[in-house]
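A closer look at the structure
If you want the building blocks of each chain, they are given just below.
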Amino acid sequence: MKTFRDPVHNIISFDKISEKVLLDLIDTKEFQRLRHIKQLGLSSFTYPGAEHTRFMHSLGVVHLTKRFIDKICTLKNIDLRYIDELKENRILALAAALLHDIGHGPFSHALEKTTKVKHETWTIEIITGDTEIKSVLESYKTGFSREVAEVIHRTHESKAIVKLLSSQLDTDRIDYLIRDSKFSGAGYGAFDLEWLINCLRIGEVNGDTEFGLDLNKGLSIAEDFIMARYYMYVNVYFHRATRSAELIIDKIFQRAAELDREGKVGLPEDLSEIIQRISVHDTLNNYLNLTESTILHYFSLWTKSNDEILTDLCNRLLNRKLFKEIQFDGNLFEFWAKAVKIFGEKGIPTDYYLLMDEATSSTYKDYYISQKPKAEESEREASEQIFLFDKIGNGIELTNKSKIINQIRNEGIKINRMFMPEEYKKFLGG
Amino acid sequence: MFKGAGYLLEIFSKTDIKGRKKIQKIVFILENDGMDAPYKYSYHHYGPYSAQLQEEIDFLVQHNLLEEITKNGTYEYKITDEGRKFSKQIKKGQEVAVNDDLLLKLNNESPQFLEMLSTYIFLLESGYEKESARNKAVDLKPHLKDLIDQAVKYYEQNLN
């Protein structure tokens, strides 16, 4: 056995023979790169302990996926086809769990806006393109790289494997909640993982395979799990200082790219190649070369640039002189229009100094708690649902059983915030 | 700022759209055609779906920029006067380019056809070659297999 010690799960082990392919994947240069990508990006500006990496998280997701599969395979009174499906696809599920975040880059969200390439696209390219990872996967089984990509892209025929990694009760989300809570020091995200696994069930709802929890034993842990998500989103992922820093990074990239086009500032060479050559296939190695250290090095250089805005934004970020939220009463759009007008009169570039924290702009999402369930819906779409299964396997959505969760879902999380430098708030009466 | 809102309001200023599935697929296809909206899609029951896009629509409804009407379980969206006003405001600060011809053409198609077309495009984006994407789309949507030839032809004629 090969063993990793982990602060969340303690011992994460891999069988050197039956799970050799996973160990080989961990040893690839593309996977090792995840040691240099932080799981929570800029959250350490707010929670100094949140320095953990996507490398650790990926190992955690594999570990949990194994535990989920093992638990389901020991359940009695379930349809044997689920057990067959999970056993047959075990290594596929574990490889997909290990590689699900492989396409993330440094400051992923800001980078995506600049390059116009989504990290999911890089994920597929890393798994199916000319990489060490593809070579390991294809050595294991011909066509395996495409299968792993299909699981991550949710198009694989085994719905059980897809849902293990991507659903409202998936191993990715469970690991990152517990891990982010532990490393940030914000205890809100902790919940009883052992009991959750103990209550795990599988069944069919509206023709789809779904993982869920036991109706009799699992209601409390289901509520606890959603409350943990709710508190983590409000207090950690959407923390105003973290969001302010993330928005400033967006603007640094935007400004630097603008100046690069005018030949006034040089972007990191690898980033420049990606923007100019467009093709993901041709620039994969450039992307793999980018780490947070590379980017931060450039931010540091740009504090001495000739461009006032770029210099200012980089200084603000590196010295944590972040933009502040301005409180306002009344209509968001009217206030925004007023702010644009006043900033215009003062000669302040609104595009860089008046930032909206919009619903679509955050990397971290939890639609189960941020979107109201629709009362009437004939078009069954993305399943923002968590199921509790009774003894005969009928699935009931959690909100039908839990008043607390029903209330949270109907309230939702709506955060509309506006940020600006502290010294400009006075122009708007802030 | 308000990039996604800008695109959605521009779309709804050109036409009303009936059905959440139809909106999802139309915006996905327009993005594939080059519209610079910020939504992320993953594969769901009806093909590519963006919860982010639905959240933005809810946000616009909540702020009275879009009107949401429910008829027989189908959601219909229309731009409001407030929405038109705000759309103009956004366009003062940023370019909001939507392929109107394609938008109107797509809106004339059935939700089922758009489901098949968007699934085919999603698979191409996922790295499948054309023939494999075609076969995989039929595997994923056997009940819509009669639409695949039409979807591939539509893609070749209008989107490739």
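Keep in mind the model is a prediction, meaning the values are calculated, not measured. (Residues numbered from 1 in each chain as written. Chains lettered and ligands numbered in written order. Predicted model: local features only at pLDDT ≥ 70, side-chain atom pairs only at ≥ 80, totals over all residues.)

Describing the overall build of chain A
Within chain A, the secondary structure is distributed over 22 helices and nine strands. Scaling as 2.2 N^0.38, a compact globule of 430 residues should have a C-alpha radius of gyration of about 22 Å, and chain A matches this with 23 Å. Dimensions of chain A along its principal axes, counting C-alpha atoms only, are 70 × 50 × 40 Å. With 430 residues in all, chain A has 42% of them scored as buried. Considering only contacts in chain A between residues 6 or more positions apart, those separated by 24 or more positions represent 68%. (Helix = DSSP H or I, 4+ residues; strand = E, 2+ residues; numbered from the N terminus. Rg over C-alpha atoms; globule rule 2.2 N^0.38 Å. Buried ≥ 20, exposed ≤ 12 C-beta atoms within 10 Å, placed from the backbone. Contact = placed C-beta atoms within 7 Å.)

Considering the overall build of chain B
In terms of regular secondary structure, chain B is built from eight helices and five strands. Going from the N terminus to the C terminus, chain B shows its helices and strands as α-β-α-β-β-α-β-β-α-α-α-α-α. A compact globule built from 160 residues would reach a C-alpha radius of gyration of about 15 Å, and chain B, at 16 Å, matches this within 12%. Sorting the 160 residues of chain B into buried and exposed places 47% on the buried side.

Overview of the nonpolar core
Residues and elements named next belong to chain A. The biggest cluster of nonpolar side chains holds 157 residues, and the ones touching the most others in it are A95, A96, L99 and V148. No other element matches helix α13 (residues 219-237), which puts 10 residues into this core. Contact partners of V148, with chain neighbours within four places excluded, come to L92, A95, A96, L99, I127 and L137. (Core = buried A, V, L, I, M, F, W, Y, C linked by C-beta atoms within 7 Å.)

Remarks on the sheet that holds strand β5 (residues 74-79) of chain B
Residues and elements named next belong to chain B. Strand order in the open sheet formed by three strands is β1-β5-β4, with antiparallel pairing between adjacent strands. On the outer flanks of this sheet lie β1 (17-18) and β4 (66-71), each paired with one strand and no other. Two strands pair when backbone bridges link them, and β4 and β5 are joined in this way by six bridges, in the antiparallel orientation. Residue pairing for β5: L66 is matched across the bridge by I79. (Pairing = 2+ DSSP bridges.)

Some thoughts on the pairing of strand β2 (residues 10-14) of chain A
Residue and element names in this part refer to chain A. Taken together, the five bridges between strand β1 (residues 2-6) and β2 define a ladder with antiparallel strand orientation. By the bridge assignment for β2, F4 is matched with I12. Count of turn residues in the β1/β2 antiparallel hairpin: three residues.

Concerning the domain arrangement of chain B
Residue and element names in this part refer to chain B. You can read the domains of chain B as domain 1 (1-98) and domain 2 (109-160). Here the C-alpha centre of domain 2 lies 23 Å away from the C-alpha centre of domain 1. Contacts between the two partners involve 14 residues from domain 1 and, on the opposite side, nine residues from domain 2. Elements represented by at least two residues in the side of domain 1 that touches domain 2 include exactly α2 (20-32) and β3 (47-49). The element best represented in the side of domain 1 that touches domain 2 is α2, accounting for seven residues. Of the residues assigned to the side of domain 1 that touches domain 2, the class counts are seven nonpolar, three polar and four charged. (Domains from an automatic or database assignment. Nonpolar A, V, L, I, M, F, W, Y, C, P; charged D, E, K, R; others polar.)

A look at the environment of M116 of chain B
Residue and element names in this part refer to chain B. Note that M116 resides in helix α6 (residues 111-125). Placed 33 residues apart in sequence, M116 and D149 show a C-alpha to C-alpha distance of 9.9 Å. Once residues within four sequence positions are removed from consideration, M116 is found in contact with A137, K141, L144, L147, I148 and A151.

Some words on the environment of N331 of chain A
Residues and elements named next belong to chain A. Positionally, N331 belongs in the loop between β5 (324-325) and α19 (332-346). Given 13 C-beta atoms within a 10 Å radius, N331 is considered partly exposed. Between the C-alpha atoms of N331 and A222, which are 109 residues apart in sequence, the distance is 36 Å.

Some points on the packing of helix α5 (residues 90-99) of chain A against helix α9 (residues 144-152) of chain A
Residue and element names in this part refer to chain A. α9 packs onto α5 with a crossing angle of 65° between their chain directions and a minimal axis gap of 9 Å. Taken together, α5 and α9 sit at an angle that is classed as roughly perpendicular. Between α5 and α9 the crossing geometry is right-handed. Touching L92, A95, A96 and L99 of α5 are E147, V148, V151 and I152, all from α9. (Axes fitted to C-alpha atoms, helices over the stretch in contact; angles between N-to-C directions. Parallel < 35°, antiparallel > 145°, perpendicular 65-115°, else oblique. Left-handed = near helix turned anticlockwise from the far one by under 90°.)

Digging into the sheet that holds strand β9 (residues 417-420) of chain A
Residues and elements named next belong to chain A. The sheet built from three strands is open, its strands ordered β5-β9-β6 with antiparallel pairing. One side of each edge strand has no neighbouring strand; the edge strands of this open sheet are β5 and β6 (355-357). Taken together, the two bridges between β5 and β9 define a ladder with antiparallel strand orientation. In the strand pairing of β9, K324 is matched with M420.

Let's talk about α19 of chain A
Residues and elements named next belong to chain A. Helix length check: α19 (15 residues) gives 21 Å between terminal C-alpha atoms against 21 Å at 1.5 Å per residue, within 8%. Buried within α19 we find F333, W336 and A339. Down the axis of α19, the buried side of the element spans an arc of 120°, and every buried residue falls inside it. For α19, the exposed residues lying more than 90 degrees away from the buried face are K341 and E345. (Expected span 1.5 Å × (residues − 1). Arc of directions from axis to C-beta.)

Here's the deal with the packing of α2 of chain B against helix α5 (residues 100-107) of chain B
Residue and element names in this part refer to chain B. For the pair α2 and α5, the least separation of the axes is 10 Å and the interaxial angle reads 150°. Here α2 is positioned roughly antiparallel relative to α5, judged by the angle of their axes. Crossing angle aside, the handedness with which α2 passes α5 is right-handed. When α2 is examined against α5, the residues I26, I29 and L30 are found in contact with a partner set consisting of L102, L103, L106 and N107.

So, the confidence of the model for chain B
Residues at a pLDDT of 70 or more form 100% of chain B, whose mean pLDDT is 92. Scored as a complex, the prediction yields pTM 0.92 and ipTM 0.88. (pLDDT = per-residue confidence, 0-100.)

A short note on the environment of H100 of chain A
Residues and elements named next belong to chain A. Relative to the helices and strands, H100 resides in the loop between α5 and α6 (108-115). We classify H100 as buried; it has 25 C-beta atoms within 10 Å. The contact partners of H100, leaving out residues within four places of it in the chain, are V61, I152, L165 and D172.

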